[in-house]
Amino acid sequence: MSSSGGSFFPRVESVFYAVFDVRQGPKVVYQVPEGLISCGSSTSSSNALYSPSPASSTLSLGDSQRLDSRHLLSPQKRSGSSNRSLFNFDDISKYVMPPSALCGRLVICTSRKHRIIGFPVELRGSYERNYFRYNLCFVFERNADLSCYEPVVRKVSRVLTSCEEESEFLSNPQSSPAIHAILEQLYEDLNSYSETSIPIDKFNSIELKIFPFYPNPPPVKDWMVPLALINITKRIEPNWDLTMVKVCQLIDGTNHVCRIARLADCDVELVRQAISHLLYYQVIMMIDIFQYSNMYTLRTSVQWLADESHVRDECGPYATKPGHAIADWPKLLHLYSRLKPGKTVREWMVEHEVESLGIDVRRFTSFGVIKGFLRRVHRWPILVPDVDMPQDERHLSSSIGRKRGKSFVSPAQQPRVARTDSDSIRARGRPQEALPTTTPAPAEIFAVHATPVRTTRRNSAAEASLEQLRVHRPAEQIRAPSMSRVYGVNARSSLSATFGSFASAQGSIGPTGVAGAPDSSEGGGIPAVMGHARSRFSRSPSGPVVSQVHAQAEPAFPADLIPLLDGEHNTDELCTRFEVGLPMLRKWLVAAGGGKGEDDFGSVSIIYR
């Protein structure tokens with residue numbers, strides 16, 4: 001807010017009371033300080049303001065004795081200030097005394113150097129023209145913020161209107177001179193104490209106190225980090241809200257809103273409201289989550305902020321770790337200038353050996369953000385669908401993270417997979433010598449892993465099949481090291497379940513296998529199954545089928561991620577929403593876009609802004 005004397009509130013330059021005279025029109029009756037508002041070029045301000053009106057005038061003083069007493073109030077002020085008027089009243093009279101449609105509304109007008117705020121009032125009654133208009137106005141500098149004075153002007157007009165309606169305080173010539181004393185006390189008390197108490201009569205008084213008017217805080221997001229501008233913990237009082245107390249104790253410049261809600265064991269919506277309350281009173285500010293993968297760049301304001309003494313003197317002690325020598329400002333400014341889009345904080349640290357300088361990188365970057373010469377460069381992922389793909393298939397392609405034509409199982413194989421349970425049931429009563437007759441493994445592997453519940457239902461068939469395998473070949477030859485590397489610790493049980501499913505389903509699926517599949521009952525078919533399985537899991541051209549099967553059984557990214565890849569959600573929001581770090585989110589983006597990894601996200605593009 002603008003102020004002329006270092007005060008937080010704007011200073012009142014002048015206060016004046018104007019009425020609409022039935023013969024002279026709008027005119028200023030009283031003003032404090034006197035003589036600052038001129039009323040025409042031909043007559044002096046004192047004669048124009050205090051010359052008696054005709055007998056028919058509503059506000060005429062009536063006798064010369066009262067007029068002489070008015071002239072003796074402050075002659076030195078009038079003579080000393082008559083040479084410097086703020087503005088001419090005739091230039092703004094139509095806004096001070098507006099038409100009836102604007103009466104009862106807050107009106108603000110501006111001259112070349114000042115702003116005038118008032119609340120014109122029109123009262124209907126037994127007056128000479130059946131109405132009475134008045135306005136009590138405050139004058140400020142042109143660039144002053146008047147939001148804190150708006151309720152003050154409204155209340156003054158409301159109290160004076162009540163006095164006029166009860167006792168004709170304003171229109172009665174005997175009581176109207178008291179307005180000058182009211183103006184003087186308003187001018188002195190509001191500028192000196194920002195509050196006042198003015199008794200008018202036995203029943204009415206003007207009680208005013210100016211409160212700072214803060215704008216509404218910006219929306220609080222879950223991924224934002226509150227940073228305290230004062231020591232909030234020392235301001236906590238016993239009668240504070242319990243949620244507010246918990247939130248204030250967890251504000252340390254590193255915890256984001258969602259983490260504060262989790263640590264405080266509070267509802268996240270209540271935490272947002274508490275932080276909004278602190279933002280409203282401007283005791284905290286919101287910054288981004290600090291990560292070494294963040295990117296920053298300088299603002300144009302660094303051109304003049306770099307020369308400010310408070311920036312030069314505060315940066316070193318704030319950003320240096322305890323026990324290290326404080327770096328000089330030119331060195332710190334050089335490090336700030338090396339931050340740019342496309343270069344992460346980690347790369348910047350390695351390139352300039354920041355760790356050896358004893359600089360706390362988090363405080364170093366937050367200092368630039370607080371002072372306003374450094375800003376964060378966010379990543380905004382957006383999924384760009386393939387223009388050659390039909391519209392009805394784009395969603396399917398994006399949901400599985402692969403391009404068209406690279407599905408895991410062909411449509412011809414899917415119906416047979418659905419009949420696996422019934423086929424396995426029928427296979428239990430068939431001769432065991434038919435076990436070696438089987439098909440290549442890919443379709444059956446997909447069936448087993450895509451429906452793991454069915455595997456548990458066929459435990460009895462698997463055990464029976466495994467028993468037959470042990471009869472034909474020793475147990476040492478059944479083990480498959482390549483499969484153990486894929487499945488990990490539970491490879492032996494998974495292998496047994498897989499062989500069980502092969503044995504139970506071979507009767508119905510066998511004829512659709514590869515031409516020339518072995519069909520003997522002498523155990524020679526079992527090594528074929530083993531070898532075929534090894535080729536699928538290791539170095540055969542169809543080896544990636546196993547990883548694709550697992551991707552189908554366990555999706556590589558959440559289903560809710562795809563709708564959020566519209567360029568309107570940055571990586572901080574996505575990481576906070578799914579509670580993962582940036583490395584995991586990058587893997588999801590690679591899977592969603594069908595990319596190759598690293599910086600290749602396929603159809604997902606990253607926008608830096």
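These numbers come from a predicted model, not from an experiment. (Residues numbered from 1 in each chain as written. Predicted model: local features only at pLDDT ≥ 70, side-chain atom pairs only at ≥ 80, totals over all residues. Heavy atoms only, no water.)

## A word on the overall build of the chain
Part 1 of the argument: Summing up its helical and strand segments, the chain has 28 helices and 16 strands in all.
Part 2 of the argument: The buried share among the 609 residues of the chain stands at 45%.
Part 3 of the argument: If you take every contact in the chain between residues at least 6 apart in sequence, the share linking residues at least 24 apart comes to 68%.
Part 4 of the argument: Summed over all atoms, the accessible surface of the chain reaches about 32300 Å², with 51% contributed by carbon and sulfur. (Helix = DSSP H or I, 4+ residues; strand = E, 2+ residues; numbered from the N terminus. Buried < 20%, exposed > 50% of the residue type's maximum accessible area, 1.4 Å probe, protein only. Contact = heavy atoms within 4.5 Å. Areas by Shrake-Rupley, 256 points an atom, 1.4 Å probe, with all protein chains shown as cover.)

## Quick notes on the side chain of Thr243
Part 1 of the argument: Along the chain, Thr243 falls in helix 7 (residues 242-249).
Part 2 of the argument: With relative accessibility at 17%, the residue Thr243 sits in the buried group.
Part 3 of the argument: In contact with Thr243, not counting residues within four places along its chain, are Cys266 and Leu270.

## Overview of the packing of helix 11 (residues 309-319) against helix 12 (residues 329-337)
Part 1 of the argument: Between helix 11 and helix 12, the shortest axis-to-axis distance is 10 Å and the interhelical angle comes to 85 degrees. Comparing their axes, helix 12 and helix 11 come out roughly perpendicular. Within the contact between the two elements, helix 11 uses Val311, Arg312, Cys315 and Gly316 and helix 12 uses Trp329, Leu332 and Tyr336. (Axes fitted to C-alpha atoms, helices over the stretch in contact; angles between N-to-C directions. Parallel < 35°, antiparallel > 145°, perpendicular 65-115°, else oblique.)

## Considering the confidence of the model for the chain
Part 1 of the argument: Of the residues in the chain, 64% have a pLDDT of 70 or more, and the chain-wide mean is 74.
Part 2 of the argument: Here residues 1-6 scores under 50 on pLDDT; set against residues more than four positions off or in separate chains, the count is 16 contacts.
Part 3 of the argument: Across residues 395-459, where pLDDT falls below 50, the model places 103 contacts with residues more than four positions away in sequence or in other chains. (pLDDT = per-residue confidence, 0-100.)

## As for unusual backbone geometry
Among all residues save glycine, negative phi is the norm, and among peptide bonds the norm is trans.
Part 1 of the argument: Pro33 follows Val32 through a cis peptide bond whose omega is -10 degrees.
Part 2 of the argument: Within the secondary structure layout, Pro33 lies in the loop between strand 2 (25-32) and strand 3 (37-38).
Part 3 of the argument: Positive phi, close to 50 degrees, is recorded for Glu353, a residue that is not glycine.
Part 4 of the argument: Structurally, Glu353 is set in the loop between helix 13 (345-352) and helix 14 (361-371).
Part 5 of the argument: Not every positive phi belongs to a glycine, and Glu579 is a case in point at roughly 60 degrees.
Part 6 of the argument: Of note, Glu579 is situated in the loop between helix 27 (571-578) and helix 28 (582-593).

## Things to note about the pattern of salt bridges
Part 1 of the argument: Tallying each qualifying case throughout the model produces 11 salt bridges.
Part 2 of the argument: The partner of Arg23 in a salt bridge is Glu128, and the shortest N-O contact between them spans 3.3 Å. Of this pair, Arg23 sits in the loop between strand 1 (14-21) and strand 2 while Glu128 sits in the loop between strand 7 (121-124) and strand 8 (131-141), placing them 105 residues apart in sequence.
Part 3 of the argument: Taking relative accessible area as the criterion, Glu128 reaches 44% and is therefore assigned partly exposed.
Part 4 of the argument: Here Asp222 ties to Arg272 by a salt bridge, and the two come within 2.8 Å at their closest N and O atoms. Of the two residues, Asp222 is situated in the loop between strand 10 (205-209) and strand 11 (225-228) and Arg272 in helix 9 (residues 268-280); the sequence distance between them amounts to 50 residues.
Part 5 of the argument: In this structure, a network of salt bridges that share partners links the residues Glu122, Arg124 and Arg133. (Salt bridge = Lys/Arg side-chain N within 4 Å of Asp/Glu carboxyl O.)

## Points about the packing of helix 12 against helix 14
Part 1 of the argument: Running from N to C, helix 12 and helix 14 point in directions that differ by 85 degrees, and their axes come no closer than 12 Å. Put simply, helix 12 runs roughly perpendicular to helix 14. Residue-level inspection shows Leu332, Leu335 and Tyr336 of helix 12 in contact with helix 14, the latter providing Phe364, Phe367 and Gly368.
Part 2 of the argument: Here the residues of the contact of helix 12 with helix 14 sort into 5 nonpolar, 1 polar and no charged. (Nonpolar A, V, L, I, M, F, W, Y, C, P; charged D, E, K, R; others polar.)

## Quick notes on the nonpolar core
In summary, soluble globular proteins display a tendency toward joint burial of nonpolar side chains.
Part 1 of the argument: Residues Tyr17 and Phe138 are the most contacted members of the largest nonpolar core, which totals 41 residues.
Part 2 of the argument: Of all the elements in the fold, those that place two or more residues in this core are strand 1, strand 2, strand 7, strand 8, helix 5 (150-167), helix 6 (178-192) and strand 10.
Part 3 of the argument: Counting residues in hydrophobic clusters, the runner-up holds 23 residues, among them Ala327, Leu339, Phe364 and Phe373. (Core = buried A, V, L, I, M, F, W, Y, C linked by side-chain atoms within 4.5 Å.)

## Some words on the packing of aromatic side chains
For any pair of aromatic rings, the description rests on two quantities: the centre-to-centre distance and the angle between the ring planes.
Part 1 of the argument: This structure, assessed with the given rule, holds 18 aromatic pairs.
Part 2 of the argument: Put simply, the rings of Tyr318, Tyr336, Trp348, Phe364, Phe367 and Phe373 touch in pairs and so form one group of aromatic residues.
Part 3 of the argument: Above the face of the Phe20 ring, Arg133 is positioned so that its terminal group lies 5.7 Å from the ring centre.
Part 4 of the argument: Here the basic side chain of Arg363 rests over the ring of Tyr318, its NZ or CZ set 3.9 Å away from the ring centre. (Phe/Tyr/Trp six-rings, centres within 6.5 Å; stacked < 30°, edge-to-face > 60°. Lys NZ or Arg CZ within 6 Å of the ring centre and 35° of its normal.)

## A look at the environment of Gly595
Part 1 of the argument: Considering the arrangement of structural elements, one finds Gly595 in the loop between helix 28 and strand 16 (604-608).
Part 2 of the argument: The exposure class of Gly595 is partly exposed, given its relative accessible area of 22%.
Part 3 of the argument: Apart from the residues within four sequence positions on either side, Gly595 is in contact with Val590, Asp600, Phe601 and Gly602.

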